[in-house]
Amino acid sequence: MKRLHGIDIARYFAFVGMVLVNFRIVAEVGADGSLPSLITNNLEGRAAALFVVLAGVGASLGRAAWHVTLRRAIFLFAIGMLNMLVFEADILHFYALYFIVAIGFMARPNRWLLFGIAGFILIATAAQLFLDFDRGWSWDTLTYSGFWTVEGFLRHSFYNGWHPVFPWAAFLLWGMWLGRLSLGRSRVQVGLILGGALVAVAAHMASAVLIHDPEIGALMTTEPVPAGPLYMLAGGATATAVLGAVLMLTPVLLALPIVRRLCDAMIVAGRQTLTHYVAHILIGMGTLEAMGLLRGTLQPAQVFWISIAYCAIAALFSWLWSHKFKRGPLEATMRLITEGKT
């Protein structure tokens with residue numbers, strides 16, 4: 001299939017959303033009602049969901065052999081666990097677990113993917129009903145105790161962490177299902193936009209009603225922690241609509257000389273999101289820490305514009321890097337280690 005540049009741009013948008021959310025987390029600022037604050041609020045849980053859905057799309061389009069996917073998962077797990085030493089909300093080690101799940105579905109028909117999606121969401125919902133989701137958490141400081149023990153690691157990774165396998169692996173499986181569609185067709189893109197938007201609106205409307213139920217209301221929110229069934233519907237549907245919209249708009253934008261270079265920068269940045277994800281923690285957050293700009297010293301609007309500036313610099317770096325190298329630094333390293341190719 002001819003490469004769909006819209007997928008790369010959507011991946012860059014997901015990265016921008018994650019930077020906005022993560023920078024605000026480490027800056028320890030709350031919402032203040034301003035437009036930048038509202039934008040970041042609405043990206044919480046949505047940007048990460050889009051990121052995972054797009055990983056599933058890429059898995060279907062790439063069609064890597066299972067053993068290559070397994071080696072990539074091991075690489076991501078190692079990077080993610082190192083990342084956990086400095087940023088406890090890391091998503092890479094979760095990614096590794098999602099890809100291990102995906103191996104079992106790669107050669108299966110579409111209905112298996114849909115059954116898998118339903119299964120992961122149902123098991124997670126049952127666990128949230130009958131198990132103690134708060135175990136290990138200090139919600140005041142957003143820290144998790146016991147992660148580096150076997151029990152704590154398993155609990156955090158599969159049940160009550162930031163992006164646990166149950167139910168978050170369902171996003172990857174949904175992306176794999178989407179990746180099997182003819183995404184280059186305008187008819188499919190319109191279907192993604194309309195279908196995604198309708199389901200997202202319906203999920204939010206259902207939440208507004210069910211959240212007041214004294215027995216199940218706590219599970220009927222559209223917030224990402226804990227990831228209840230309506231959050232999964234809303235997050236997956238929003239990601240679907242965004243993907244469809246970006247795919248539809250990308251050819252139009254690429255045809256406009258005035259924005260073509262900007263799109264080119266976002267495309268190459270979207271192909272280097274592994275590098276940028278790690279860099280936004282080590283370099284981005286590290287720079288803010290060194291400058292003494294964390295722990296409540298900034299306003300929400302300031303964090304927002306710092307995040308946007310960082311993402312613009314990241315895109316510029318990717319554009320310049322692409323003139324000399326085909327892949328980003330970490331992408332090339334992963335390919336060399338897992339496939340023995342440069």
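Fair warning: this is a prediction, and the values are worked out from it, not measured in the lab.

A. Focus on the overall build of the chain. Summing up its helical and strand segments, the chain has 14 helices and 2 strands in all. Over its C-alpha trace the chain gives a radius of gyration of 19 Å, about what one expects of a compact globule, namely 20 Å for 342 residues. Along the first, second and third principal axes, the C-alpha set of the chain runs to 55 × 50 × 40 Å. For the chain, the residues scored as buried account for 50% of the 342 residues in total. Counting contacts in the chain only where the partners sit at least 6 residues apart, residues at least 24 apart contribute 75% of the total. Carbon and sulfur atoms make up 68% of the accessible area of the chain, which totals about 16,500 Å².

B. Highlighting a nonpolar patch on the surface. Nonpolar side chains collect at one region of the surface, where Leu 82, Leu 85, Val 86, Trp 148, Leu 282 and Ile 283 lie side by side and expose about 700 Å² of accessible area between them. Mapping Leu 85 onto the fold places it in the loop between helix 4 (66-84) and helix 5 (92-103). When its relative accessible area of 61% is taken as the criterion, Leu 85 is described as exposed.

C. Up close: empty space enclosed by the protein. With the rule as written, the count across this model stands at 1 cavity of 30 Å³ or more. For the largest cavity, the calculated volume is near 40 Å³. Phe 133, Pro 164, Pro 224, Pro 226 and Ala 227 are the residues nearest the centre of the largest cavity, which is lined by 13 residues in total. Among the elements that make up the lining of the largest cavity, the one with the highest residue count is helix 8 (residues 165-179) (3 residues). Residue classes in the lining of the largest cavity are distributed as 11 nonpolar, 2 polar and no charged.

D. Layout of the packing of aromatic side chains. All told, the structure shown has 22 aromatic pairs when counted by the stated rule. Measuring from centroid to centroid gives 6.2 Å for Tyr 12 and Phe 15, while their planes differ by 40°, and the two rings are tilted. Separated by 3 residues within a single helix, Tyr 12 and Phe 15 lie in helix 1 (residues 5-27), roughly one turn from each other. For the residue pair Tyr 12 and Phe 15, the accessibility class agrees, reading buried in each case. Following the ring pairs from residue to residue traces out a cluster consisting of Phe 133, Trp 137, Trp 139, Tyr 144, Tyr 159 and Trp 162. Across the ring face of Trp 112, the terminal group of Arg 108 is positioned such that the distance to the ring centre comes to 4.5 Å.

E. Quick look at the side chain of Ser 207. With respect to the helices, strands and loops of the structure, Ser 207 is situated in helix 9 (residues 186-210). With a relative accessible area of 6%, Ser 207 lands in the buried category. Ser 207 has contacts with Met 220, Thr 221, Thr 222 and Leu 230, leaving out every residue within four places of it along the chain.

F. Molecular detail of the state of the cysteines. Under the criterion given, the structure shown has 0 disulfides. Free of any disulfide, Cys 263 has its nearest neighbouring cysteine sulfur in Cys 311, separated by 16 Å.

Rules used in this analysis
Residue indices begin from 1 for each chain and proceed along its sequence in written order. Restriction of local features to residues with pLDDT of at least 70 applies here, the model being predicted, together with a cutoff of 80 or more for giving and counting side-chain atom pairs; totals for whole chains, interfaces and linings are based on all residues. Water and hydrogen atoms play no part in the side-chain values, which are based on all heavy atoms of the structure. The secondary structure listing takes helices from DSSP runs of H or I that are at least 4 residues long and strands from runs of E that are at least 2 residues long, numbered from the N terminus. Each radius of gyration reported is based on C-alpha atoms, and the globular scaling rule is 2.2 Å times the count of residues to the power 0.38. For every residue, the accessible area (1.4 Å probe, protein chains only) is compared with the maximum for its type, and the residue is labelled buried under 20%, exposed over 50%, or partly exposed between those bounds. In this analysis, two residues are considered to be in contact whenever any of their non-hydrogen atoms come within 4.5 Å of each other. Accessible surface is estimated by sampling points in the Shrake-Rupley manner with a 1.4 Å probe; for residues, cover comes only from the protein chains shown. Only residues above 30% relative accessible area that lack a salt bridge enter a patch, with like-charged residues linked at up to 9 Å and the nonpolar side chains Val, Leu, Ile, Met, Phe, Trp and Tyr linked at up to 5 Å. Salt bridges are defined as contacts in which a side-chain nitrogen from Lys or Arg sits within 4 Å of a carboxyl oxygen from Asp or Glu. Cavity: a set of points on a 1 Å grid over the protein atoms alone where a 1.4 Å probe fits but cannot get out. Pocket: an open set with protein on both sides within 12 Å along at least five of seven lines, its lining residues, like those of a cavity, having an atom within 4 Å of a point. Grid points are joined across faces, edges and corners, and a volume is the space filled by probe spheres set on the points. Amino acid classes used here: Ala, Val, Leu, Ile, Met, Phe, Trp, Tyr, Cys and Pro are nonpolar; Asp, Glu, Lys and Arg are charged; the rest, including Gly, are polar. Stacked, edge-to-face and tilted are the three classes for Phe, Tyr and Trp ring pairs, Trp counted by its six-membered ring, which pair at centre distances within 6.5 Å; planes under 30 degrees apart are stacked, over 60 edge-to-face, the rest tilted. The criterion for a charge sitting over a ring is simple: Lys NZ or Arg CZ within 6 Å of the ring centre, and within 35 degrees of the ring normal. The disulfide criterion used throughout: a pair of cysteine sulfur atoms within 2.5 Å.

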